[in-house]
Amino acid sequence: MVDDLRKYLNHLLEKVNGLHCILITDRDGVPLVRSVTERAPQLALRPNFISTFGMATDQASKLGLGRNKTIISMYSSYQVIQMNKLPLVITFIGSDNCNTGHILSLESQIEPFLKDLAAIVAETP
Amino acid sequence: MQSDEEDSALHSCFDSLKSAVMGCCYSICHKENDTQENIVNERTHLLEVPEQTQETPVPVASASTPPRKPDEQSALNRILHETATNVIDVGALGPYALEPGAYSERVRAYTARVALAPQPPPPAPRLLADVPHAERTGLLARPGLPNGDRDLITNAVKKAAAAISELRVEHHEDLVVPFRVP
């Protein structure tokens, strides 16, 4: 499964101009599947960086606007889009001028694969 | 001033009297219970009933406070827990990092399980296929059509449009045809 999924993520990565990587991790930033180009910043691939989203989405869900689903962080030369699919977290890292709407539209294309991955995370102690 | 002193003395006297009377009542009741405990009469229970279950239905007025205490405590704890979870305290979260050993162990577990997982469902077929980025940029960088070809296409489309606009349906027979029904 993992090879097919990685190929599929690579295919999605090619579709969006300026997208550097797609990571599917658990809440603590431990990767299940990842598709990374050499342009992706290595610091942003660390579990310490990815796991902060888990806490941020929990706190953002307390603001009285319902459950937080996605956090988009814009940096000077990168953008990081993280989606709350707990127990999974999807992280997209792209260039600052990458089409954010195009990245967000990939959610529906990744969604069918998440059920099996979420079951794997739930079963792993 | 003197009347106040008298009042306070009277109050203290009443208080002591009250406590004495209550103590007497309690002692009397207690004694009665003690005497009845070992004597078999018409009020003696045939079956031994535990004291707690026997006492619970009796006090109606005072039942509101003592048995509900644990419920109130649990409700208060629940409210406290909910409030604590609803508070946004980013400073208290602190940095969180998985230990390297636990991290690598979990990576190994995920890799093994993902490899054993069933094949993912095939993506929905699309009418228009995407061209890879490199090929796309190459195609877009090519020079456009020559003018001769563009004129040829334009003229062909014009002729086709004219031909389509001249299409007419001419009827020569009746539109309603009677069937040969006897």
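See the structure printed just above.
Cut-offs used in this document
Residues numbered from 1 in each chain as written. Chains lettered and ligands numbered in written order. Predicted model: local features only at pLDDT ≥ 70, side-chain atom pairs only at ≥ 80, totals over all residues. Heavy atoms only, no water. Contact = heavy atoms within 4.5 Å. Buried area = accessible area lost by both parts, 1.4 Å probe. Salt bridge = Lys/Arg side-chain N within 4 Å of Asp/Glu carboxyl O. Polar contact = N/O pair within 3.5 Å; in protein donor to acceptor, adjacent residues only side chain to side chain. Helix = DSSP H or I, 4+ residues; strand = E, 2+ residues; numbered from the N terminus. Pairing = 2+ DSSP bridges. Axes fitted to C-alpha atoms, helices over the stretch in contact; angles between N-to-C directions. Parallel < 35°, antiparallel > 145°, perpendicular 65-115°, else oblique. Left-handed = near helix turned anticlockwise from the far one by under 90°. Nonpolar A, V, L, I, M, F, W, Y, C, P; charged D, E, K, R; others polar. Expected span 1.5 Å × (residues − 1). Bend = angle between axes of the 7 residues up to and from the residue. Buried < 20%, exposed > 50% of the residue type's maximum accessible area, 1.4 Å probe, protein only.

S.K.: Please provide a residue-by-residue account of the interface of chain B and chain A, values included.
M.R.: On the chain A side, the residues contacting the 29 residues of chain B number 29 residues. Together chain B and chain A conceal approximately 2700 Å² of surface at their shared face, both sides included; 63% is due to carbon and sulfur atoms. For the interface between chain B and chain A, the tally reads three salt bridges. Where chain B packs against chain A, one counts six residue pairs in polar contact (both at pLDDT 80 or more). Sorting the residues of the side of chain B that touches chain A by element identifies α3 (69–86), α5 (100–116) and α6 (133–141) of chain B as the ones contributing at least two each. A total of eight residues in the side of chain B that touches chain A trace back to one element, the largest contributor, which is α5 of chain B.

S.K.: Before we move on, can you summarise the sheet that holds strand β1 (residues 19–26) of chain A with the specific residues and values?
M.R.: Across the sheet, which stays open at both edges, the five strands sit in the order β2-β1-β5-β4-β3 (chain A) with antiparallel pairing between neighbours. Edge positions in the sheet fall to β2 (31–36) and β3 (70–74) of chain A, since each has one partner strand and no second. Between one strand axis and the next, the sheet turns by 10° as a mean value, whatever way the strands run. The strands that helix α4 (residues 107–123) of chain A touches are β1, β2, β4 (78–85) and β5 (88–95) of chain A; relative to β5 of chain A, the one it contacts most, it runs at about 140°. Across the sheet, α5 of chain B is in contact with β1 and β2 of chain A; its angle to β2 of chain A comes to roughly 85°.

S.K.: Could you give an account of the packing of helix α1 (residues 2–15) of chain A against α4 of chain A, naming the residues involved and the relevant values?
M.R.: Residue and element names in this part refer to chain A. Running from N to C, α1 and α4 point in directions that differ by 155°, and their axes come no closer than 12 Å. One finds that α1 runs roughly antiparallel with respect to α4. Of the two possible hands of crossing, α1 and α4 adopt the one that is left-handed. When α1 is examined against α4, the residues L5, Y8, L9, L12 and K15 are found in contact with a partner set consisting of Q109, I110, F113 and L117. Looking at the contact of α1 with α4, its residues break down into seven nonpolar, one polar and one charged.

S.K.: Report on the pairing of β3 of chain A, specifying residues and quantitative values.
M.R.: Residues and elements named next belong to chain A. Direction of pairing for β3 relative to β4: antiparallel, over a ladder of five bridges. Counted as the bridge partner of T70 is M83 from β4. Following β3, the chain reverses through three residues before pairing antiparallel with β4.

S.K.: Quick rundown of the packing of α4 of chain A against α5 of chain B? Include the residues and the values.
M.R.: Helices that pack against each other are described as a pair by the angle of their axes relative to one another and the distance between those axes. Interaxial distance between α4 of chain A and α5 of chain B falls to 10 Å at its minimum, and their mutual angle equals 135°. By the angle between their directions, the pair α4 of chain A and α5 of chain B is classed as oblique. Crossing geometry of α4 of chain A relative to α5 of chain B is assigned as right-handed. Contacts between α4 of chain A and α5 of chain B involve L117, I120, V121 and E123 of chain A on the former and, on the latter, Y110, R113 and V114 of chain B. When grouped by side-chain class, the residues that make up the contact of α4 of chain A with α5 of chain B number five nonpolar, no polar and two charged.

S.K.: Kindly report on α4 of chain A, identifying the contributing residues and their values.
M.R.: Compared with the 24 Å implied by 1.5 Å per residue over 17 residues, the 24 Å span of α4 of chain A between its first and last C-alpha is a close match. Approximately 45° is the largest bend angle found in α4 of chain A, and it occurs at F113 of chain A.

S.K.: So what's going on with the pattern of salt bridges? Residues and values would help.
M.R.: All names here are of chain A. Inspection of the entire model under this criterion finds eight salt bridges over all chains. Note that D3 is salt-bridged to R6, the shortest N-O span being 3.5 Å. Taken together, the residues D3 and R6, both in helix α1 and three residues apart, mark about one turn of the helix. D3 sits in the partly exposed class, given a relative accessible area of 49%. Here E107 and K85 are joined by a salt bridge, their closest N and O atoms 2.6 Å apart. Placement of the pair is E107 in helix α4 and K85 in strand β4, with a sequence separation of 22 residues. A relative accessible area of 25% means that E107 is categorised as partly exposed.

These results come straight from atomic positions and should not be treated as a statement about function.
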